[in-house]
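One-letter residues, chain by chain:
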Amino acid sequence: FTVLEIFRNDSLLRVDQALETEKDKPRQEQRQKEELAKYKKQLEEQMQQQYAEYEKEGEVAKGIKTMQDYLASKNINAQMVGKGTFVVIKEQGTGAQAAPEKFVTVKYTGTLVRKDSTFDAGTFTRQLGVGALIPGMEEGLEAFKQGGKGTLYVPGFRAYGKSHPKFQPFEAMKFDVELLSVTDTLPISNEPL
């Protein structure tokens, strides 16, 4: 090897490191894009496999029918989106559309349909389309724009499925949601992800 330069102080070294990092930035960004695409493909395959399994077991048809019956008994007019989530839009919102790869900040209250009892409430920021939320929440939020408000009715197969330590197998859930923001990049926040 050949010594190209000797840095006489830390300041010069830091400047050189910053320049090298900047030069390498396009390669790093490309690598991150490729890794994300690979991860998303694996996630999609895994979710399709799980959905096919639930369909074969009859849980998809059972979950949709149970939710339709529940909504009819309560006189709730909800629209099915995606593969089984039912949505009631109270306010569509006027900002950016929630979509895969967008970062959404959501204020929510989660209720167990069976007991009509709240199990969780709060605010979170997550990226859509990368498996950070249950499938029913993902597909339900995509029906809204920033500022939107409504309710998501999620059959158990689109919630936590057959095994979760906190819930019964195929537990149906309801989420009252308000879409506070939709952005292309992670908003700066003190909230841990």
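Parameters and conventions
- Residues numbered from 1 in each chain as written.
- Predicted model: local features only at pLDDT ≥ 70, side-chain atom pairs only at ≥ 80, totals over all residues.
- Heavy atoms only, no water.
- Helix = DSSP H or I, 4+ residues; strand = E, 2+ residues; numbered from the N terminus.
- Buried < 20%, exposed > 50% of the residue type's maximum accessible area, 1.4 Å probe, protein only.
- Contact = heavy atoms within 4.5 Å.
- Areas by Shrake-Rupley, 256 points an atom, 1.4 Å probe, with all protein chains shown as cover.
- Lys, Arg positive; Asp, Glu negative; His and termini not counted.
- Charge placed at Lys NZ, Arg CZ, Asp CG, Glu CD.
- Phe/Tyr/Trp six-rings, centres within 6.5 Å; stacked < 30°, edge-to-face > 60°.
- pLDDT = per-residue confidence, 0-100.

Asker: I keep staring at the overall build of the protein and nothing clicks. Help me out?
Answerer: Counting its regular elements, the protein contains 3 helices and 6 strands. Dimensions of the protein, computed from C-alpha atoms along their principal axes, come out at roughly 80 × 35 × 30 Å. Taking all 193 residues of the protein together, 35% fall into the buried category. Of the contacts formed within the protein by residues at least 6 apart in sequence, a portion of 67% connects residues at least 24 apart. Looking at the protein as shown, the accessible area adds up to about 12,400 Å², and 50% of this sits on carbon and sulfur atoms. Each charge sign in the protein was given a centre, from 27 positive and 28 negative side chains, and these centres are 4 Å apart.

Asker: What's the story with the side chain of T111 in this structure? I'm lost.
Answerer: Here T111 lies in strand 3 (residues 103–112). What makes T111 buried here is its relative accessible area of 7%.

Asker: How do you make sense of the packing of aromatic side chains when you look at a structure like this?
Answerer: The geometry of an aromatic ring pair is captured by two quantities: the separation of the ring centres and the angle between the planes. Applying the stated criterion across every chain, the model contains 7 aromatic pairs. Between Y54 and F170, the aromatic rings sit 5.0 Å apart at their centres with planes inclined by 80 degrees, giving edge-to-face as the arrangement. In this pair, Y54 sits in helix 1 (residues 10–57) while F170 sits in the loop between strand 5 (149–154) and strand 6 (173–183), placing the two residues 116 residues apart along the sequence. Residue classification places F170 among the buried residues on the basis of a relative accessible area of 19%. Considering the side-chain rings of Y70 and Y153, the 6.3 Å spacing of their centres and the 50 degrees angle between planes classify their relative orientation as tilted.

Asker: Please clarify how the confidence of the model for the protein should be interpreted in this entry.
Answerer: Any segment with low pLDDT has predicted coordinates that should not be analysed in fine detail. Residues of the protein with pLDDT of at least 70 account for 97%, and the chain-wide mean is 91. Across the protein, the secondary-structure element scoring lowest on mean pLDDT is helix 1, at 87, and the one scoring highest is strand 5, at 98.

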